[in-house]
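If you want the building blocks of each chain, they are given just below.
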Amino acid sequence: MNDKHILDLLEHAPLANLSQVDRERIEVHSKECETCQRAFEAAKLSAMMLKEHSLDTFAAPPFFETRVLATLRERAAGKDVWAFGRMWRAAGALVSSMAATVALLAVLSLALPVAQTSTSSTVISANSYSAEDMMLNSVDVSDDQSSDAQVLRTLYETEEEAAK
Amino acid sequence: MELAQLAHNGDESAFAEIVRRYSPRVFRFASRFFRQRSLVEEAAQEVFLKAFTELGSFKGTGSMEGWLTKITTNTCLNMLRSAKRRPELSAADLTEDENTWLDNKLAGAASERHESNERSLVAADLAGKVLDKLSPEDRLVLTMMDGEDASVRDVSAATGWSESKVKVQAFRARRRMREAVEKLLAKRGQRRHETLESAGTK
């Protein structure tokens, strides 16, 4: 029997479940092989320790269920607080979006008329033949007319001089 | 099933009855994983709190005990996974009582069955120290199968693992535990040798 086989036997099942034949084979081999002897000893100690460990258990303390129920109520209350917090955050988001919308509308309503006025004046200044321009600058128009007359007069005078 | 239904519908006394009825089992199961009472209590409490929130998923096809065992296993495994493990047990970690227990066993007193209760506790503590160095999964299969003679099917039902996975896990866990004990014995021998040598030089 080789060492590997012994180790496999030790690990294949709990030591207590080994058949008598397997146990004897291990014991016989362990007497000749120091490595397997150490492994077998360690396996026996492990098995004993595990048995003792399984017997050493803790019992529930008195009023354990009361404590569980109290924790359950605490957590439920905590959840309520969280739910309120979530609601508050959601409401906060809604309020901020509303405030942002109001601010945007205010900016638009204040800034837009100014922009429109400035735009129209720009258009008026660009177009000197608009109705407003004609009305507002009526003096200039008469000036233009007189200068046209002067031009015509000058032209006629020039022609007359040429005819002479 | 009726209790579960009542508790699910918000009947506190029904849930208190579930806790009263199944807490011995949950405590016994959680004791496999932790050596400190405070941790066992924490785990057990967490199990029942989880059970309460998941009562709706309990269909009543299996037993309430089996359902709670599964929750206990998962809760304890998760708690152990999140805890830090020291890689190895050293000879200095052993108490005098634990050293004496090992000496007695190695001297061939293994067959003597009339041990005092105190000695058993020493062995249980020592087992806990060795198990603390193994993975939570190794610890589970070893305590169930080698400690409490649970079958492969029992472990499979408690963990949700396949039976072949349980077998492989148990095989490897036994090897790792045996190797840990072998190493501990070797370190003990070495430590004693060094102590004797230093005493000789003085």
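You'll find the structure just up there.
About the criteria used
Residues numbered from 1 in each chain as written. Chains lettered and ligands numbered in written order. Predicted model: local features only at pLDDT ≥ 70, side-chain atom pairs only at ≥ 80, totals over all residues. Heavy atoms only, no water. Helix = DSSP H or I, 4+ residues; strand = E, 2+ residues; numbered from the N terminus. Buried < 20%, exposed > 50% of the residue type's maximum accessible area, 1.4 Å probe, protein only. Contact = heavy atoms within 4.5 Å. Axes fitted to C-alpha atoms, helices over the stretch in contact; angles between N-to-C directions. Parallel < 35°, antiparallel > 145°, perpendicular 65-115°, else oblique. Nonpolar A, V, L, I, M, F, W, Y, C, P; charged D, E, K, R; others polar. 1 Å grid on protein atoms, 1.4 Å probe; cavity = no way out; pocket = protein on both sides within 12 Å on 5 of 7 lines; lining within 4 Å. Points joined across faces, edges and corners; volume = space filled by probe spheres on them.

### What about the overall build of chain B?
Scanning chain B from N- to C-terminus turns up 9 helices and 0 strands. Buried residues in chain B amount to 46% of all 202 residues. Sequence separation of at least 24 residues holds for 67% of the intrachain contacts in chain B that already meet a minimum separation of 6.

### Here's the deal with unusual backbone geometry
Despite not being glycine, Phe63 of chain A has its phi angle at roughly 60 degrees, a positive value. By the element assignment, Phe63 of chain A lies in the loop between helix 3 (34–55) and helix 4 (64–126). Here Phe63 of chain A falls in the exposed class, since its relative accessible area comes to 66%. Its identity as a non-glycine residue notwithstanding, Asp149 of chain B has a phi of 55 degrees, on the positive side. Structurally, the position occupied by Asp149 of chain B is in the loop between helix 7 (136–148) and helix 8 (152–159).

### Observations concerning the side chain of Thr69 of chain B
Secondary-structure assignment places Thr69 of chain B in helix 4 (residues 64–82). A relative accessible area of 6% means that Thr69 of chain B is categorised as buried.

### Describing the packing of helix 3 of chain A against helix 7 of chain B
The N-to-C vectors of helix 3 of chain A and helix 7 of chain B enclose an angle of 90 degrees; their axes lie 8 Å apart at closest approach. Considered as vectors, helix 3 of chain A and helix 7 of chain B are oriented roughly perpendicular to each other. Packed against helix 3 of chain A, whose contacting residues are Leu50, Lys51, His53 and Ser54 of chain A, the element helix 7 of chain B presents Arg139, Leu142, Thr143, Asp146, Gly147 and Glu148 of chain B at the interface. Taken together, the residues of the contact of helix 3 of chain A with helix 7 of chain B break down into 2 nonpolar, 4 polar and 4 charged.

### What about empty space enclosed by the protein?
Across all of its chains, the model carries 1 cavity of 30 Å³ or more by this definition. Taken as a whole, the largest cavity encloses approximately 120 Å³ of empty space. Looking at the largest cavity, it is lined by 15 residues, and the ones nearest its centre are Leu10, Ala43 and Ser46 of chain A together with Asp146 and Arg174 of chain B. Here the lining of the largest cavity gets 5 residues from one element, more than from any other, and that element is helix 3 of chain A. By residue class, the composition of the lining of the largest cavity is 9 nonpolar, 1 polar and 5 charged.

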